[in-house]
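Observations on the three-dimensional arrangement
So you can see what is in the structure, the chains are spelled out below.
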Amino acid sequence: MAGHGARGRSGGRPTLEQVAARAGVGRGTVSRVINGSPRVSDATRAAVEAAVAELGYVPNTAARALAANRTDAIALVVPEPETRFFAEPYFSDMLKGVGAELSETEMQLLLIFAGSDRERRRLAQYLAAHRVDGVLLVSVHADDPLPDMLSQLEIPAVISGPRSAAETLASVDSDNFGGARSAVEHLLSRGRRSIAHITGRLDVYGAQRRVDGYRAALRDAGHEVDEQLIEAGDFTEEGGRRAMAELLRRRPDLDAVFAGSDVTAAGARQVLREAGRRIPDDVALVGYDDSAIARHMEPPLTSVRQPIEEMGRAMIDLLLNEIADRRPAASRGLDRHQVVLATELVERASS
């Protein structure tokens, strides 16, 4: 980019993204500098201003003109019942990351639940009135109408995990495929050969990718995938109990379980203990999320850590870019942003 001077991609004028790359910061940071936010360090401001000067960047004046009509509010929309939101650490960690990143701006955060048809209708009316500048959407199911509604309303939006491989909205996710594969590879390395998987909700793309990772690890190690060892769950503790009971009925010889979440693993552990199975002597157990539940379980739970707080921060950064650009990601084609963050297997006594 350095050799193009004031010319951007395809010979056009330089973009906000190019300024960010030159300054070594995120696009949201560039937006804050350009918009005069005081929540930027002097060193960062100087780097951005230098990059602006070097590239000859000219802010989008039309977008800047819209600033006066902004609400300075962002909605975090959760299409789940409130009970699930407060029961699962994933949501609180996500909210923590979102709040931490948003604290560097002047924006307010609204938490909105849309788990019922009535709540969704009320949300649609609220968003149609353009009472927020952008939306963060978490826990998205494949058939959820909310993402398409946001696109139709042309409201800047970022979702936590794509609905499919062909996602058109900006999204932030963790490497579900790689995380699941590392969990199963770990169990195989410990000599386990009859490894069950309790999935998450299979209308969630991330859960589908974890199943793909589970299958890939077995095949790469030369093992056939036994469909009798895969049981659908829903990321909940009760779902973990139900799935574990069914797996033991079908395959009492299983010697390991990879659960779709730590909460699910907690439910599975209860059933295993009631059945007289020792962990990890008889059955090794691995969860997903590396939440506080994993650390406090007895024995402590091996789990795949996904950087949930960092995901929340990245979602805010992307959304601020969307708001600054004022164009929905779907209308930008290949310019859309799909961020995937790395996972890490944290080994503990359960495996």
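Whatever comes next refers back to the structure up there.
In short, a report on the structure. Here the structure is a predicted model, which means the values were calculated and not measured.

**Details of the overall build of the chain**
From N to C terminus, the chain includes 14 helices and 12 strands. When each of the 351 residues of the chain is scored for burial, the buried share is 53%. In the chain, the share of contacts with a sequence separation of at least 24, taken over all contacts with a separation of at least 6, comes to 72%. With the model as given, the accessible surface of the chain reaches about 15,300 Å², and the carbon-plus-sulfur share is 48%.

**A few points about the environment of Val 339**
Considering the arrangement of structural elements, one finds Val 339 in strand 11 (residues 338-341). Relative accessible area serves as the criterion here: at 26%, Val 339 is assigned to the partly exposed category. Measuring from C-alpha to C-alpha, the distance between Val 339 and Ala 170 comes to 8.1 Å, with 169 residues separating the pair along the chain. Residues contacting Val 339, with those up to four places away along its chain left out, are Ser 171, Val 172, Asp 173 and Leu 318.

**A closer look at the packing of helix 6 (residues 89-102) against helix 14 (residues 308-325)**
Between helix 6 and helix 14, the shortest axis-to-axis distance is 7 Å and the interhelical angle comes to 45°. Considering their axes alone, helix 6 and helix 14 lie oblique with respect to each other. Handedness of the helix 6/helix 14 crossing: right-handed. Judged by residue contacts, Tyr 90, Asp 93, Met 94, Lys 96, Gly 97, Val 98, Ala 100, Glu 101 and Leu 102 of helix 6 engage Ile 308, Glu 309, Met 311, Gly 312, Arg 313, Met 315 and Ile 316 from helix 14. Looking at the contact of helix 6 with helix 14 residue by residue, the classes come out as 9 nonpolar, 2 polar and 5 charged.

**Digging into the packing of aromatic side chains**
Taken as a whole and judged by the stated rule, the model has 6 aromatic pairs. Plain terms: the ring middles of Phe 85 and Phe 86 are 5.1 Å apart, the flat faces sit at 85° to each other, and that makes the pair edge-to-face. By relative accessible area, which is 5% here, Phe 85 ends up buried. Grouped by ring-pair contacts, the aromatic residues Phe 85, Phe 86, Tyr 90, Phe 91 and Phe 113 constitute a single cluster. Just above the ring of Tyr 288 sits the side chain of Arg 210; from NZ or CZ to the centre is 3.6 Å.

**What about helix 2 (residues 27-34)?**
Counting buried positions along helix 2 gives 7 out of 8 residues, so the element sits mostly inside the fold. For helix 2, the complete set of buried residues consists of Arg 27, Gly 28, Thr 29, Val 30, Ser 31, Arg 32 and Val 33.

**Concerning the sheet that holds strand 6 (residues 195-198)**
What the 6 strands build is an open sheet, ordered 7-6-8-9-10-12; its pairing is mixed. The open sheet is flanked by strand 7 (230-231) and strand 12 (344-346), the only strands paired with a single partner. Across 3 bridges, strand 10 (residues 302-305) lies against strand 12 in antiparallel orientation. Directly across from Val 304, in strand 12, lies its bridge partner Leu 345. Those strands touched by helix 9 (residues 176-189) are strand 6, strand 8 (256-259), strand 9 (284-289), strand 10 and strand 12, and its axis lies near 165° from that of strand 9.

**Considering the sheet that holds strand 3 (residues 134-137)**
Pairing in this open sheet of 6 strands is parallel, and the strands run 2-1-3-4-5-11 from one edge to the other. On the outer flanks of this sheet lie strand 2 (108-113) and strand 11, each paired with one strand and no other. Adjacent strand axes in the sheet meet at a mean angle of 20° when their direction is disregarded. Here strand 1 (residues 73-78) runs beside strand 2; their pairing, made up of 6 bridges, is parallel. Within the sheet, the bridge partner assigned to Leu 76 lies in strand 2 and is Leu 111. Of the strands in this sheet, strand 1, strand 2 and strand 3 touch helix 7 (residues 117-128), which is tilted by about 150° from strand 2. Along the sheet face, helix 14 touches strand 1, strand 3, strand 4 (157-160), strand 5 (170-174) and strand 11 and points at about 170° away from the line of strand 5.

**Notes on the pattern of salt bridges**
Within the structure shown, the criterion is met by 25 salt bridges. A salt bridge links Glu 54 to Arg 22; the shortest N-O distance between them is 2.6 Å. Here Arg 22 lies in helix 1 (residues 16-23) and Glu 54 lies in helix 3 (residues 42-55), a separation of 32 residues in the sequence. Look at Arg 22 and you get partly exposed, because its relative accessible area is 29%.

**Side note on the environment of Thr 302**
Its location among the elements puts Thr 302 in strand 10. For Thr 302, a relative accessible area of 0% gives the class buried. Sequence spacing of Thr 302 and Tyr 288 is 14 residues, and the spatial spacing of their C-alpha atoms is 8.3 Å. Apart from the residues lying within four places of it in its own chain, the contact partners of Thr 302 are His 186, Leu 285, Val 286, Gly 287, Leu 345, Val 346, Glu 347, Arg 348, Ser 350 and Ser 351. Side chain to side chain, Thr 302 and Ser 351 meet in a polar contact 2.7 Å long.

**What to know about the side chain of Glu 88**
Counting through the fold element by element, Glu 88 comes out in the loop between helix 5 (82-87) and helix 6. Not counting the four nearest positions on each side in its chain, Glu 88 is found in contact with Phe 235, Thr 236 and Val 263.

**Some words on the nonpolar core**
Counting 38 residues, the largest nonpolar core has Val 184, Ile 195, Tyr 214, Met 244, Leu 254, Val 257 and Phe 258 as the members making the most contacts within it. Where this core is concerned, the elements lending two or more residues are helix 9, strand 6, helix 10 (205-220), helix 11 (237-250), strand 8, helix 12 (262-274) and strand 9. Excluding residues that lie within four positions of it along the chain, Val 184 makes contacts with Ile 195, Tyr 214, Ala 217, Leu 218 and Phe 258.

Cut-offs and rules
- Residues numbered from 1 in each chain as written.
- Predicted model: local features only at pLDDT ≥ 70, side-chain atom pairs only at ≥ 80, totals over all residues.
- Heavy atoms only, no water.
- Helix = DSSP H or I, 4+ residues; strand = E, 2+ residues; numbered from the N terminus.
- Buried < 20%, exposed > 50% of the residue type's maximum accessible area, 1.4 Å probe, protein only.
- Contact = heavy atoms within 4.5 Å.
- Areas by Shrake-Rupley, 256 points an atom, 1.4 Å probe, with all protein chains shown as cover.
- Axes fitted to C-alpha atoms, helices over the stretch in contact; angles between N-to-C directions.
- Parallel < 35°, antiparallel > 145°, perpendicular 65-115°, else oblique.
- Left-handed = near helix turned anticlockwise from the far one by under 90°.
- Nonpolar A, V, L, I, M, F, W, Y, C, P; charged D, E, K, R; others polar.
- Phe/Tyr/Trp six-rings, centres within 6.5 Å; stacked < 30°, edge-to-face > 60°.
- Lys NZ or Arg CZ within 6 Å of the ring centre and 35° of its normal.
- Pairing = 2+ DSSP bridges.
- Salt bridge = Lys/Arg side-chain N within 4 Å of Asp/Glu carboxyl O.
- Polar contact = N/O pair within 3.5 Å; in protein donor to acceptor, adjacent residues only side chain to side chain.
- Core = buried A, V, L, I, M, F, W, Y, C linked by side-chain atoms within 4.5 Å.

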